[in-house]
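# Descriptive analysis of the structure
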Amino acid sequence: MKALFLLATALFWLAVAAFGWFDRPPAAAPAVQPPSAAPSAASARPERRYTLAEVARHATPADCWMAIDGGVYDFSAYLPQHPSDPALIEPWCGREASEAYRTKTRGRPHSQRATAMMAGYRMGTLD
Ligand code: HEM
């Protein structure tokens, strides 16, 4: 009887070892997925596009759009704060103003601070 018990026990542990029950991962172990790259706001929502004709319809100091380096900006709110004589910046409302911005029409570039400010007025891209 004791021999039978020992044999049964040995067979049991042999079966356990043979089937590797201790090493199996849990049946429902979820596969680990690498976190998918979250789409950036820019790629999720494409910028609005404007034609130069549309920009040209906003050519007054109170309603002043400009196209600069492929971007379209509404500077209406900024114009009263611009530090130059208004007569220097106002004629660029409604126009492609990349060169004017780059040179201040005087061969001098704007500061990096000025360029950083532009982002706050950006509406979209120029077609
Ligand atoms: C596109 C037409 C523009 C023209 C012709 C123009 C011209 C000028 C001029 C003549 C000055 C003062 C003199 C000088 O600092 O040399 C000036 C200064 C300045 N402008 Fe403009 N500007 C234009 C657009 C803008 C825009 C779109 C911004 C920003 C949203 C801006 C921001 C500034 C700032 C912050 C200054 C102070 C000096 C500096 O930081 O460079 N300007 N600009």
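Scroll up to find the structure.
Treat the numbers as computed from the prediction; the structure is a model and nothing was measured. (Residues numbered from 1 in each chain as written. Predicted model: local features only at pLDDT ≥ 70, side-chain atom pairs only at ≥ 80, totals over all residues.)

The next subject is the overall build of the protein chain. Each helix and strand in the protein chain was counted, giving six helices and six strands. Start at the N end of the protein chain and walk to the C end: the helices and strands fall as α-α-β-α-β-β-β-α-β-α-α-β. The proportion of buried residues among the 127 residues of the protein chain is 10%. Intrachain contacts of the protein chain at a sequence separation of at least 6 include 68% that bridge at least 24 residues. (Helix = DSSP H or I, 4+ residues; strand = E, 2+ residues; numbered from the N terminus. Buried ≥ 20, exposed ≤ 12 C-beta atoms within 10 Å, placed from the backbone. Contact = placed C-beta atoms within 7 Å.)

Core analysis: the largest hydrophobic core is formed by 13 residues, its most contacted members being Trp65, Met66, Ala67 and Tyr73. At the level of secondary structure, the elements contributing two or more residues to this core comprise β3 (63–68) and β4 (71–74). With five residues, the single largest contributor to this core is β3. Sequence-distant contacts of Tyr73, defined by excluding residues within four places in its chain, comprise Trp65, Met66, Ile68, Met118, Tyr121, Arg122 and Met123. (Core = buried A, V, L, I, M, F, W, Y, C linked by C-beta atoms within 7 Å.)

With that settled, the discussion passes to the site of the ligand. Not every one of the 23 residues close to the ligand is listed here, only the nearest: Ser84, Ala97, Lys104, Ser111 and Ala114. Only α4 (86–89), α5 (98–103) and α6 (112–118) provide two or more residues apiece to the shell around the ligand. Across the shell around the ligand, the residue classes tally to 14 nonpolar, five polar and four charged. (Near = placed C-beta within 6 Å. Nonpolar A, V, L, I, M, F, W, Y, C, P; charged D, E, K, R; others polar.)

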